[in-house]
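Remarks on the overall topology
Here are the chains, one letter per residue:
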Amino acid sequence: MLQKSASTGAFVFYPRVAAPGSGARDLVWVEASGFGTVYATTVTRQRPNPDGSRADYNIALIELDEGPRLMSRVEGIAPEAVTIGMRVKARIAEVDGAPGLVFDPA
């Protein structure tokens with residue numbers, strides 16, 4: 001779900017009381033498409049485990065189809081395989097024991 005200004009049609013993320021720029025207070029919740037595009041990405045390298053394995057992961061800036069951008073990660077592929085311009089689909093997953101928004105290749 002995303003907030004949207006009824007008067008301007010602009011989507012707002014993160015949740016607010018008033019729309020940035022216009023100050024409109026007519027924000028309503030609407031269902032997001034769940035799709036986006038990787039705008040930027042990087043790989044975070046972890047120190048090797050005693051067995052030599054590593055748990056590297058990516059950090060990605062995702063531009064939602066509705067316009068807002070947010071930080072998350074893309075799962076289901078190697079961190080190095082995430083590329084700028086890649087289409088992704090959102091899902092809720094357990095992240096460090098709590099629900100979190102992550103993306104998979106679309």
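Residues numbered from 1 in each chain as written. Predicted model: local features only at pLDDT ≥ 70, side-chain atom pairs only at ≥ 80, totals over all residues. Heavy atoms only, no water.

**Comments concerning the nonpolar core**
Grouped together as the largest cluster of nonpolar side chains are eleven residues: Leu-2, Val-38, Ala-60, Ile-62, Leu-64, Leu-70, Val-74, Val-82, Met-86, Val-88 and Phe-103. The element best represented in this core is strand E5 (residues 57-64), accounting for three residues. Beyond its immediate chain neighbours, meaning those up to four positions away, Val-38 contacts Ala-60, Leu-61, Ile-62, Val-74, Val-82, Thr-83, Ile-84, Gly-85, Met-86 and Val-88. (Core = buried A, V, L, I, M, F, W, Y, C linked by side-chain atoms within 4.5 Å. Buried < 20%, exposed > 50% of the residue type's maximum accessible area, 1.4 Å probe, protein only. Helix = DSSP H or I, 4+ residues; strand = E, 2+ residues; numbered from the N terminus. Contact = heavy atoms within 4.5 Å.)

**Looking at the sheet that holds E5**
Spatial strand order, E6-E5-E4-E7-E8: five strands in an open sheet with antiparallel pairing. Since the sheet does not close on itself, it has two edges, and those belong to strand E6 (69-72) and strand E8 (98-105), each with one partner. Direction aside, the axes of adjacent strands within the sheet are offset by 35° on average. (Pairing = 2+ DSSP bridges. Axes fitted to C-alpha atoms, helices over the stretch in contact; angles between N-to-C directions.)

**A few points about the layout of surface pockets**
Space left empty within the atom packing is revealed by a probe, the size of a water molecule, rolled over the atoms. Reported here for the largest pocket is a volume of approximately 250 Å³. Lining the largest pocket we find 19 residues, and of these Met-1, Leu-2, Ala-32, Leu-64 and Leu-101 sit closest to its centre. Sorting the residues of the lining of the largest pocket by element identifies strand E1 (2-5), strand E7 (87-95) and E8 as the ones contributing at least two each. The class makeup of the residues in the lining of the largest pocket is 14 nonpolar, three polar and two charged. (1 Å grid on protein atoms, 1.4 Å probe; cavity = no way out; pocket = protein on both sides within 12 Å on 5 of 7 lines; lining within 4 Å. Points joined across faces, edges and corners; volume = space filled by probe spheres on them. Nonpolar A, V, L, I, M, F, W, Y, C, P; charged D, E, K, R; others polar.)

Distances and angles like these do not, on their own, reveal function.
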